[in-house]
Amino acid sequence: MIRTEEMLLNVGPQHPSTHGVFRLVLKIDGEIIVEATPVIGYLHRGTEKLAENLQYTQIIPYTDRMDYISAMTNNYVICHAVETMMGIQVPERAEYLRVLAMELNRVASHLLWWGTYILDFGATSPLLYAFRERELIINLLNELSGARITFNYMRVGGVKWDAPEGWIEKVADFVPYMREQLKGYHDLVTGNEIFLNRTKGIGKYTKEDALNYSLSGPNLRCTGIKWDLRKDEPYSIYDRFDFNVVTREDGDAYSRYECRLAEIEESLKIIEQAAEQFPKDGETMAKVPKIIKVPKGEGFVRIEASRGEIGCYIASDGKKEPYRMKFRRPSFYNLQILPKLLKGENISNLIAILGAVDIVLGEVDG
Amino acid sequence: MLGWTKGLAYTLKNLTREKVTYDYPNEPLPLPDRFRGVQKFYPEKCIVCNQCANICPTDCIQLTGKKHPDPAKKGKIIDTYDINFEICILCDLCTEVCPTEAIVMTNNFELADYSRDELFKNLEWLDENDENIRKVNKA
């Protein structure tokens, strides 16, 4: 008789493939994972609690640091929440700038995911290609907002800066270039046999599971559920653009991969249309009181960030600081399905499954 | 065609592409005018209104004022002005609220130092930080 024994294995918190300070306590039987317990909180900064002592404008730079890969959507969600509660009408030009910034950021975010996900499998060159294109987007956003990652670009009622001269043209030029590069990405990775073997049928879940675990974003759409807040609950000016909601049917790591790459194409469509329709002149800031006081009451808004639905709840007692603020952070919710996915899997699939969830630890820990 | 050969073709195609990296420490990195680097402070412009210290999300700005030396003139002038770059997040809100543009951003981003004490920048240091100053400060 062979005697087997369970072993406890610690993955992280300093592990390159966890993309941050994320720790997994694994109980393994040979190579099979019996139980996986995620341990989070290493990057917890208490954004929600800090926000209670800050004015609304002061909270915006803190939201940059939650999902630091796509900070524009985070900027937007808090501004959108305050604007909705105060009933502020944002000028058209500002809305276009916001959409352009958010979609560019979504492309950059998916590119970073693409590069690092393939890197997890041991392929180094896709990361370099992804970063080459991401750098162009970061440069564009740097010209617009003055920062490369923590943009702090949006304000309640509009945006901080108007587009610099020639910026819209540069964005419009970027779209065909990126489309060309995307083809190369598919050549480089999508058809690769090793990659296909490592992702197809891995980390599979059903529609019901996805809904029960309140997954959102590509993690939800990979199971075939057509749900994208940009289409289903249009905010900002998303109803003016023609784009598709990308879905795949299989619910495995490969369909999540396909979803994200196809979403880049859809985002490029939006960017192209927004750059075309961009108003020639107009204000970039609505008339907003100098000290922003949200009327007494509660409010909740949600938008489609690159990782899923990000929501912002504000309970206000009429002061210049919120009484309570809560962010529904998609990475945190998406991560919850991980122990279920890992159970019974081979340990060599661990990183492929974790990577496909696409978490940002700043957002998981808040 | 086999999947991996396609990938190899893409790699080979990229061999002849122009390089995209910078020789960074040897060559300065080109940055846009709006870039948010370490602040430059103009003591003569400051009216000690305290708005920058109030808006700062991390409370990293400490300032004190003193009476104007010329008794005929009203108001205060700046006495000390410190920014703690251990906690400054370069969010740009201080320059946004400054009514006289006494504090502006520069393109200097190299903040690494050998000790934590050196990250406390005082009025003199911030006044002398006058390279690559942002040209257009307000939208």
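Residues numbered from 1 in each chain as written. Chains lettered and ligands numbered in written order. Predicted model: local features only at pLDDT ≥ 70, side-chain atom pairs only at ≥ 80, totals over all residues.

Heads up, the rule is: UniProt positions are given in the numbering used here, feature names are shortened, and annotations may be inferred rather than shown by experiment.
The name an unreviewed UniProt entry assigns to chain B is NADH-quinone oxidoreductase subunit I, from the organism Mesobacillus foraminis. The heading Subcellular location (unreviewed entry) in the UniProt record of chain B holds the text "Cell membrane". For the record of chain B, the UniProt heading Sequence similarities (unreviewed entry) holds the text "Belongs to the complex I 23 kDa subunit family."

Under an unreviewed UniProt entry, chain A has the name NADH-quinone oxidoreductase subunit D and belongs to Mesobacillus foraminis. For chain A, the Subcellular location (unreviewed entry) comment in UniProt is given as "Cell membrane". A UniProt comment under Catalytic activity (unreviewed entry) is attached to chain A, and it reads "a quinone + NADH + 5 H(+)(in) = a quinol + NAD(+) + 4 H(+)(out)".

1. Concerning the environment of E6(A)
Residues and elements named next belong to chain A. Definition in use: A run of H or I in DSSP becomes a helix once it reaches four residues, and a run of E becomes a strand once it reaches two; helices and strands are each numbered from the N terminus. Working definition of a contact: two residues with C-beta atoms, positioned from the backbone, lying within 7 Å.
Counting through the fold element by element, E6 comes out in strand β1 (residues 6-11). Spatially, the C-alpha atoms of E6 and V34 are 8.4 Å apart, while their sequence positions differ by 28 residues. Non-local contacts of E6, meaning those with residues more than four positions away in its chain, are made with K27, I28, D29 and V34.

2. Some remarks on the UniProt feature "binding site: [4Fe-4S] cluster 2" (unreviewed entry) in chain B
Residue and element names in this part refer to chain B. This is how it is decided: Comment: burial labels come from other C-beta atoms within 10 Å of the residue's own C-beta, placed from the backbone, where a count of 20 or more is buried, 12 or fewer is exposed, and between is partly exposed.
Those places that UniProt annotates as "binding site: [4Fe-4S] cluster 2" (unreviewed entry) correspond, in this numbering, to C56, C88, C91 and C94. The annotated residues occupy 39 residues of the chain but converge on a single region, no pair of C-alpha atoms lying more than 10.7 Å apart. By the secondary structure assignment, C56 is in the loop between α2 (51-55) and β2 (61-67). You can call C56 buried: it has 21 C-beta atoms within 10 Å. Excluding residues within four positions of it along the chain, C56 makes contact with I61, L93 and C94. With respect to the helices and strands, the residue C88 is situated in the loop between β3 (76-84) and α3 (93-97).

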